[in-house]
Amino acid sequence: MDVHELAQTLTPTRTALLFGAGASIPSGAPSGAVLARRLGRLIHLDPDEAELAEVAQLVENRKGRPALVAEVRSALKGLHPTSGLLALPNFDWLSIYTTNFDTLVEQAYLQFGRSIDVYRSNFDIGKPRTQEVTSLYKIHGCVTQDSADGHRSRMLITESDYDDFERYRQTLFNSLQGDMFTGDTVIIGQSLADRHLKELAKQVVALRAEGVNTRVFLLVHQYDADRAELYTRIGLEVVHADLDTFLLALIGAGKTRETRAYSTSSGSSLLSASLVVTTIDVTHATALETNVTKLFNGSPASYADIKQGLTISRVAQHRMRDAFKGARGYFHVVEGARGVGKTSLARAFMLELSQRGVPTWEHRPDVPLDVASWLDAEKRLREAGQDGVLLIDDCYRHLREVNKLVDALAGLDRPSLRVVVTVDAARWKVSRKSPGFFSRGSNVRLSVLERSDLDELVALLDRRPEIKQLVEQSFLHLSRGARLSRLKNKCSSEMFVCLKNIFANDNLDDLLLQEYFTLSQDAREVYRYVAAVQALGGHVHRQLILRLLGLDATSLDAVLAQLEGVVFEHVIDGGRGIFGWETRHDVIATVIARVKFADQDEIRNLFFDLINGLNPSVDIEMETAVALATEGLGIARLTSFGDQIAAYRRLIDVIPAHRTPRRRLAKLFLSRDMLPEASNEIAVAERVNGTDAVLQRYKAQVALRKSEVITLVEDSDRHAILLDALNTINSCIARYGSDLYSYKTLGEIGLSLAERYNDFSAVDDAIQLLTQYERENGDPQIQAVQRRLASRVRQLTTGEASLDGVTEDLGDDLGID
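Since the structure is predicted, the reported quantities are computational estimates derived from the model, not experimental observations.

*Asks:* Give me the overall build of the chain: which residues, what numbers.
*Replies:* Within the chain, the regular secondary structure consists of 42 helices and 18 strands. The buried share of the chain, taken over its 817 residues, is 55%. Relative to all contacts within the chain whose residues are 6 or more apart in sequence, the contacts with residues 24 or more apart total 71%. When the accessible surface of the chain is totalled, it reaches about 34,000 Å², and 48% of it is carbon and sulfur.

Shown next, in the form of structure tokens:
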């Protein structure tokens, strides 16, 4: 069943929730296996595959109950609810059951301001249910009560606990059985492969009495179609979703108790329920676990990594701090190439603001950006007299919504919500941006590590032992001065190259390839295909890998397990069962793709298999199709001109209504001076998709180039062709309005008219339009083009240079769609 169908089916007041192990993990709680390993360290035991109950029993036998309980409490100390758990009180549930010891559900209700009746032990069972108050039944007891403190109740964690308190557990299951007579049950777990979840599900199904028509649903994050069928046979309906996706679907279906703002860990009641489940609260995220190995193998720093001092403080952060105080401090752009530390810098800045008491959030990347809800949050901030900050990492994926949000905020006298975005510099340069980014925003461009950054990086290696043990020995043996010299000179202070020198014998690529070598053949194939699609700017998900490699669903989980720490899975659309896969970093994906898809035949086969298997009805697959057409590691990577043409034509067959492939094919012909072919493709594109600014610009550029290369014609004919180009681009500007690249094309045509016929009117018009546009928009690229045009005009009027190569001097805009 689709999660949205489930949301329409359920009524919260007639629905009991049952949380299995793993429901608390997003809030920072350890999994059962992690807790078992932690307990095992108390008695110098590596539990490996041992069960938590068995390890806990050994600890109790050797160290005593108080030591066991103290360690469990230490592992659960300081936890606070986030996302789905935090949104639970927004619904009137029939009841909630949980196998977890923590108090996250209780905290969520307290923060929301709602009462909840908690049953922690058999001594609470006699309490009557309060009318219109949700009951929480803790099947395995609670971390707040244990016999180690003199309580009559205890947590059910050891094998003997399960034996001694089986009657208590059975009493709670009897309560659940009573709820099942009047309502549906939703079990929320992690994986269908989890043995404990299977046992729990069987127990619940066994409770359903004959003749009862209520239903039992099982929600799982890690889905397997074959295992799902096994659960279906015992009477469960399996839904591929997690708690966040489930609650978001219920909110969308209008099943909430009320519409109100939530109290986040920063202490401000500002966010709607939908934002709570689609947003990372920075204050909460700082309390989660760090991962040094993942960090120094290319992943961006987490808030916890930064809080624990595992990263360096960049000089650019000081510039962001200064800008935040001024009139241009409402919208911050952090741009740069991949791997230079954009996300880590932005998160460090957000953490700094959070520590100063500013409410700070980060948008989860795989869900749509809800502009209306964020504008409501801004209104609440303004009414409360507060400023809040939202980080949108890799904002290119949501650029249309980001521009809408910035446009709306920039229209306010003093917006109380500020926005920080990160973006690849190349994409930002050619994208349409809200004028608010320039009129009321600031820009930080990361490229190289500055001197103080290098000092911090070298000091970090000696300051933190867990990092130092990852450093390559020859680098460790260098003096401090020699280390700085190597990073500055040999690595040109470039962030990722510095890391490659420090951590992998001068070449992180070698580590990646060695890691690749250790994988099984099936895992290698999955890894290189994931990397190849990711490197070209596409989005990988389970079904796409199944289609490309011909794997069966049952084997895919085993392969993913082999790729733990190498390929990561994340929810894209739990309702439709779409779970994305990605490597640790785009730069790593690029390294693997270039090395493992070096053969042109393999590249060609990959692209054609990808195109032939595309499902354009899935948004991320449409994004992948566009990336194939536009990115440098896409079709442009094919060295055969014929293969490129064939690939574009096949892509056009698959997504005929999309403009980009036809534009790119026309651009390809234009770049080769194949002007008749370019004209033909433009005409076909206009007939199929209708005309647009890009096609009109290409038509003008075809005419311009024709005027330059045509031979055996009278000069008047050449002049007429140029005037036709001028008329085409002027019509384009009149019809489609202000556009940098249209003005740039007008300038190129104007320069040709100026040199050949001493007619400067068109280029003067272009310079004037660019000057006016720069005043309105503020994009520095506009000024750069205007200055280059003006410089060429000066050269022509003084006779210093010819016009040869003017298009190259002004920059090739043929790739702009």
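Now that the structure is up, let's keep going.
*Asks:* An account of the nonpolar core is requested, with residue identities and associated values reported.
*Replies:* Counting residues in hydrophobic clusters, the biggest one holds 81 residues, and the most contacted among them are Phe-19, Leu-88, Trp-93, Phe-246 and Trp-374. Counting residues per element, this core draws most heavily on helix 11 (residues 243–252), at six residues. Leaving out residues up to four positions away in the same chain, Phe-19 has contacts with Leu-85, Leu-88, Ile-96, Tyr-97, Thr-98, Thr-99, Asn-100, Val-105, Ile-188 and Leu-243. In terms of nonpolar packing, the next biggest core, distinct from the first, is built from 62 residues, Val-566, Leu-638, Ile-682 and Val-702 among them.

*Asks:* I'd love a proper account of the pairing of strand 6 (residues 216–222), names of residues and values included.
*Replies:* Counted residue by residue, strand 6 has six buried out of seven residues, so it is predominantly covered. Bridging between strand 6 and strand 7 (residues 237–240) involves four bridges; their strand directions are parallel. Residue pairing for strand 7: Phe-217 is matched across the bridge by Glu-237. Handedness of the crossover is the feature at issue here: the chain leaves strand 6, passes through helix 10 (residues 225–233), returns alongside strand 7, and the resulting connection is right-handed.

*Asks:* For the pairing of strand 11 (residues 331–336), give the residues involved together with the corresponding values.
*Replies:* Across the six residues of strand 11, six count as buried, placing the element largely inside the fold. Pairing analysis gives six bridges linking strand 11 to strand 14 (residues 417–424), with the strands arranged parallel. Bridge assignment links Phe-331 to a residue of strand 14, and that residue is Val-419. Looking at chain direction, strand 11 and strand 15 (residues 441–446) are connected through six bridges and run parallel. Paired with Phe-331 across the two strands is Gly-441, which belongs to strand 15.

*Asks:* Kindly report on the sheet that holds strand 17 (residues 567–573), identifying the contributing residues and their values.
*Replies:* Read across the sheet, three strands follow the order 16-18-17 without closing on themselves; strand pairing throughout is antiparallel. The sheet is open, and its two borders are formed by strand 16 (540–541) and strand 17, each paired with just one other strand. Strand direction decides the pairing type here: strand 17 and strand 18 (residues 578–583), joined by six bridges, are antiparallel. Counterpart to Asp-573 in the pairing with strand 18 is Ile-578.

*Asks:* Help me get a handle on the sheet that holds strand 14, residues and values and all.
*Replies:* Pairing within the open sheet is mixed, and its six strands lie in the order 10-12-13-14-11-15. If you trace the sheet from one side to the other, it starts and ends with strand 10 (279–281) and strand 15, each paired once. Taken over all neighbouring pairs, the strand axes of this sheet differ in orientation by 20 degrees on average, direction set aside. Packing against the sheet, helix 17 (residues 342–355) makes contact with strand 11, strand 12 (360–363), strand 13 (388–392), strand 14 and strand 15, and its axis sits at approximately 165 degrees to strand 14.

*Asks:* Any chance you could break down empty space enclosed by the protein for me, citing the residues and the numbers?
*Replies:* Take a probe with the size of a water molecule and roll it over the atoms, and the empty space left behind shows itself. Evaluation of the coordinates by the stated rule reveals two cavities of 30 Å³ or more. Estimated volume of the second largest cavity: approximately 50 Å³. Broken down by element, the lining of the second largest cavity gets its largest block of residues, three residues, from helix 32 (residues 600–612). Split by residue class, the lining of the second largest cavity holds nine nonpolar, no polar and one charged.

*Asks:* Quick rundown of the pattern of salt bridges? Include the residues and the values.
*Replies:* Scanning the model with the defined rule gives 34 salt bridges in all. Between Asp-387 and Arg-414 there is a salt bridge whose closest N-O contact spans 2.8 Å. Highlighted residues: Asp-387 in the loop between helix 18 (371–384) and strand 13 and Arg-414 in the loop between helix 19 (399–410) and strand 14, separated in sequence by 27 residues. With a shortest N-O distance of 3.9 Å, Arg-418 and Asp-387 are connected by a salt bridge. Within this pair, whereas Arg-418 is found in strand 14, its partner Asp-387 is found in the loop between helix 18 and strand 13, the two being separated by 31 residues in sequence. The exposure class of Arg-418 is buried, given its relative accessible area of 5%. Accessibility expressed as a relative area gives 21% for Asp-387, which makes it partly exposed. Salt bridges here are not isolated pairs; linked through shared partners, they connect Glu-60, Arg-65, Asp-146, Arg-154 and Asp-161.

*Asks:* Tell me about the packing of aromatic side chains, and name the residues and values.
*Replies:* A full pass over the atoms with the stated rule returns 12 aromatic pairs. Taken together, a centroid distance of 5.9 Å and an interplanar angle of 35 degrees make the contact between Tyr-516 and Tyr-527 tilted. Here Tyr-516, found in helix 27 (residues 508–517), pairs with Tyr-527, found in helix 28 (residues 521–535); they are 11 residues apart in sequence, far enough to count as distant. Comparing Tyr-516 with Tyr-527 shows no difference in burial state: the two are buried. For the ring pair Phe-641 and Phe-669, a centre distance of 6.2 Å and an interplane angle of 80 degrees mean the geometry is edge-to-face. With a gap of 28 residues between them, Phe-641 in helix 34 (residues 641–654) and Phe-669 in helix 35 (residues 659–671) connect regions that are remote in the sequence. Of the residues examined, Phe-669 reaches a relative accessible area of 5% and is grouped as buried. Put simply, the rings of Phe-91, Trp-93 and Phe-246 touch in pairs and so form one group of aromatic residues.

*Asks:* Explain unusual backbone geometry to me, and be specific about the residues and the numbers.
*Replies:* Glycine aside, the phi torsion of most residues is negative, and most peptide linkages are trans. In this structure, His-44 takes a positive phi of about 55 degrees despite not being glycine. By the secondary structure assignment, His-44 is in the loop between helix 2 (32–42) and helix 3 (52–63). For His-44, a relative accessible area of 78% corresponds to the exposed category. Of note in the backbone geometry, Asp-673 takes a positive phi value of approximately 60 degrees without being a glycine. Position of Asp-673 among the secondary structure elements: in the loop between helix 35 and helix 36 (675–689). Note on Asp-673: relative accessible area 35%, which makes it partly exposed.

Reading the values: rules and limits
- Residues numbered from 1 in each chain as written.
- Predicted model: local features only at pLDDT ≥ 70, side-chain atom pairs only at ≥ 80, totals over all residues.
- Heavy atoms only, no water.
- Helix = DSSP H or I, 4+ residues; strand = E, 2+ residues; numbered from the N terminus.
- Buried < 20%, exposed > 50% of the residue type's maximum accessible area, 1.4 Å probe, protein only.
- Contact = heavy atoms within 4.5 Å.
- Areas by Shrake-Rupley, 256 points an atom, 1.4 Å probe, with all protein chains shown as cover.
- Core = buried A, V, L, I, M, F, W, Y, C linked by side-chain atoms within 4.5 Å.
- Pairing = 2+ DSSP bridges.
- Right-handed = clockwise from strand over helix to strand, strands pointing away.
- Axes fitted to C-alpha atoms, helices over the stretch in contact; angles between N-to-C directions.
- 1 Å grid on protein atoms, 1.4 Å probe; cavity = no way out; pocket = protein on both sides within 12 Å on 5 of 7 lines; lining within 4 Å.
- Points joined across faces, edges and corners; volume = space filled by probe spheres on them.
- Nonpolar A, V, L, I, M, F, W, Y, C, P; charged D, E, K, R; others polar.
- Salt bridge = Lys/Arg side-chain N within 4 Å of Asp/Glu carboxyl O.
- Phe/Tyr/Trp six-rings, centres within 6.5 Å; stacked < 30°, edge-to-face > 60°.

Taken by themselves, the reported measurements are silent on function.
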